[in-house]
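Here are the chains, one letter per residue:
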Amino acid sequence: MPWTDDNLMSLQSHVLVEERHHPGATGDFTWILSAISLATKTIGNKVRRARIEDVIGELSEHNVQGEQQQKLDVISNEIIKSCLGSRANIGALVSEEEETPTVLRSHDDGGRYAVLFDPLDGSSNLDVSVGVGTIFSVVRLGDGVKGTPENMILTPESKQVAAGYVLYGSSTVFVLTTGQGVDMFVLDHSIGAFVLVKRDLMIPTSQKIYSINEAYVDRFPAGYRSYLEWAHEDGYSSRYIGSMVADIHRTLLKGGVFIYPPTDDRPEGKLRYLYEAMPMSMIIEQAGGRSIAGNQGRLLDIKPTSLHERIPVVMGSTDEVDHVERFLS
Ligand code: AHG
Ligand code: MN
Ligand code: MN
């Protein structure tokens, strides 16, 4: 019986149904996603209570990105690790907040997957109550791949099999793809469950909205500047929240294009490949959109060579990405 609007479907039951699409799936996904569900409900609770528990504000430490860590970045990182650590099919975890992967078990001991995550995205927006989120990617490790966790994750034999984000906004929204389209859930606090609200979400093919931090325009390569001049003349509007999860969620639902270009001080842009650009690209493509790494072509065709590498990002509605691409070539 396919899901219809009057069926109540939780994230858990939805993923169990999805498992049937994956021949040979052994409940692995459900097990990993249930841990992510628990972790993000817990993080969402912390985010909502941040002011009350006074965990807003910055730690003295800096993370591997050289960025000032917010207290909640670290707390969120620990919450995710404590929820995922118990899953016997996870070999390694990669976090934006940690230089090296957390190795849980070898491939021979059942470590079939790696989970890559940005525990708290947009955290600089935290103390002004603007939407922040968690981004994750589930990678199935190549069978029989040996070597350090880093090259087991980076080897082309390892494949991203699921991606998602949770936006802690006016509602807590969980957006997920396991390669069969994009589904959206909202946390019903009264029952503590993510409830399915939209199946097979499709991004509009065009929308005159661009999302970019125009403050840096003088540092963008010429192609991006020419695109912006064209867009200004063509009546586009600008929407930029400064949290990738919030900007991508709006782009997914309303259409448009999200751009984080290279700048002269950051020639690869700011966003990280493995746990920001790669999962968001899978979601956007599964929703019928496009994601390119500036003038380097399809983002997911680019193979990363290090865990925290950055990459330029242009993703969103197909027509809108086409418009940007025309100015970059
Ligand atoms: P994070 O908080 O995980 O470090 O990510 C912040 C990122 C991303 O969320 C957002 O799109 C981008 O930083 C905004 O950067 P600018 O402030 O340079 O526009
Ligand atoms: Mn981020
Ligand atoms: Mn982050």
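Refer to the preceding data block for the structure.
In short, a report on the structure. Everything numeric in this text was worked out from a predicted model, so none of it was measured.

## Observations regarding the sheet that holds strand β5 (residues 113-121)
And then number 1: One open sheet holds the eight strands; their spatial order is β4-β3-β5-β6-β7-β8-β9-β10, and the pairing between them is mixed. In this open sheet, the two strands that pair with only one neighbour each are β4 (102-103) and β10 (193-198).
And then number 2: As defined by bridge partners, β5 adjoins strand β6 (residues 132-140) across seven bridges and the pair is classed as antiparallel. The residue of β6 that forms the bridge with L116 is S137.
And then number 3: Helix-sheet contacts for helix α1 (residues 11-19) involve β8 (172-177), β9 (182-188) and β10, and the interaxial angle to β9 is about 155°.
And then number 4: On the sheet, helix α8 (residues 273-286) packs against β3 (90-95), β5, β6, β7 (159-168), β8 and β9 and is oriented at approximately 95° with respect to β7.

## Details of the pairing of β6
And then number 1: Counted residue by residue, β6 has eight buried out of nine residues, so it is predominantly covered.
And then number 2: Examined bridge by bridge, β6 and β7 share nine bridges and lie antiparallel to one another. Residue V138 lies in a different strand from β7, and its bridge partner there is A162.

## Here we look at the site of ligand 1
And then number 1: Every one of the 19 residues lining ligand 1 counts as a neighbour, but D121, G122, Y216, Y240 and Y260 are closest to it.
And then number 2: For ligand 1, an oxygen atom lies 3.3 Å from a polar atom in the backbone of L120.
And then number 3: The separation between an oxygen atom of ligand 1 and a polar side-chain atom of D121 is 2.7 Å.
And then number 4: Structurally, ligand 1 is housed in the largest pocket.
And then number 5: When contributions to the shell around ligand 1 are tallied by element, the ones reaching two or more residues are β5 and β13 (257-260).
And then number 6: At three residues, β5 tops the list of elements feeding residues into the shell around ligand 1.
And then number 7: When its residues are assigned to classes, the shell around ligand 1 shows seven nonpolar, five polar and seven charged.
And then number 8: Shared between two domains, the shell around ligand 1 takes at least three residues from each, and those domains are domain 1 (11-198) and domain 2 (209-328).

## With respect to the packing of aromatic side chains
Two aromatic rings, taken as a pair, are described by how far apart their centres are and by the angle between their planes.
And then number 1: Counted under the stated rule, the structure contains nine aromatic pairs.
And then number 2: Aromatic pair F174 and F194: ring centres 5.1 Å apart, planes at 70°, arrangement edge-to-face. Here F174 is found in strand β8, whereas its partner F194 is found in strand β10, with 20 residues between them in sequence.
And then number 3: According to the relative accessible area criterion, F174 is buried, its value standing at 0%.
And then number 4: When the centroid spacing of 6.1 Å and the interplanar angle of 70° are considered together, the rings of Y227 and F327 count as edge-to-face.

## As for empty space enclosed by the protein
And then number 1: In the structure shown here, the tally under the stated rule is two cavities of 30 Å³ or more.
And then number 2: Considering only enclosed or pocket space, the largest cavity measures out at about 40 Å³ in volume.
And then number 3: Contributing to the lining of the largest cavity are I36, A39, T40, I80, L84, V115, F117, T134 and F136.
And then number 4: Those elements giving two or more residues to the lining of the largest cavity turn out to be α2 (28-48), α4 (71-84), β5 and β6.
And then number 5: Broken down by element, the lining of the largest cavity gets its largest block of residues, three residues, from α2.
And then number 6: When the residues that make up the lining of the largest cavity are grouped by side-chain class, the tally is seven nonpolar, two polar and no charged.
And then number 7: Lining the second largest cavity, in full, are H14, E18, L176, T177, T178, G181 and D183.
And then number 8: Those elements that place two or more of their residues in the lining of the second largest cavity are α1 and β8.

Conventions and cut-offs
- Residues numbered from 1 in each chain as written.
- Chains lettered and ligands numbered in written order.
- Predicted model: local features only at pLDDT ≥ 70, side-chain atom pairs only at ≥ 80, totals over all residues.
- Heavy atoms only, no water.
- Pairing = 2+ DSSP bridges.
- Helix = DSSP H or I, 4+ residues; strand = E, 2+ residues; numbered from the N terminus.
- Contact = heavy atoms within 4.5 Å.
- Axes fitted to C-alpha atoms, helices over the stretch in contact; angles between N-to-C directions.
- Buried < 20%, exposed > 50% of the residue type's maximum accessible area, 1.4 Å probe, protein only.
- Near = heavy atom within 4 Å.
- Polar contact = N/O pair within 3.5 Å; in protein donor to acceptor, adjacent residues only side chain to side chain.
- 1 Å grid on protein atoms, 1.4 Å probe; cavity = no way out; pocket = protein on both sides within 12 Å on 5 of 7 lines; lining within 4 Å.
- Sits in = over half its atoms within 2 Å of the grid points.
- Nonpolar A, V, L, I, M, F, W, Y, C, P; charged D, E, K, R; others polar.
- Domains from an automatic or database assignment.
- Phe/Tyr/Trp six-rings, centres within 6.5 Å; stacked < 30°, edge-to-face > 60°.
- Points joined across faces, edges and corners; volume = space filled by probe spheres on them.

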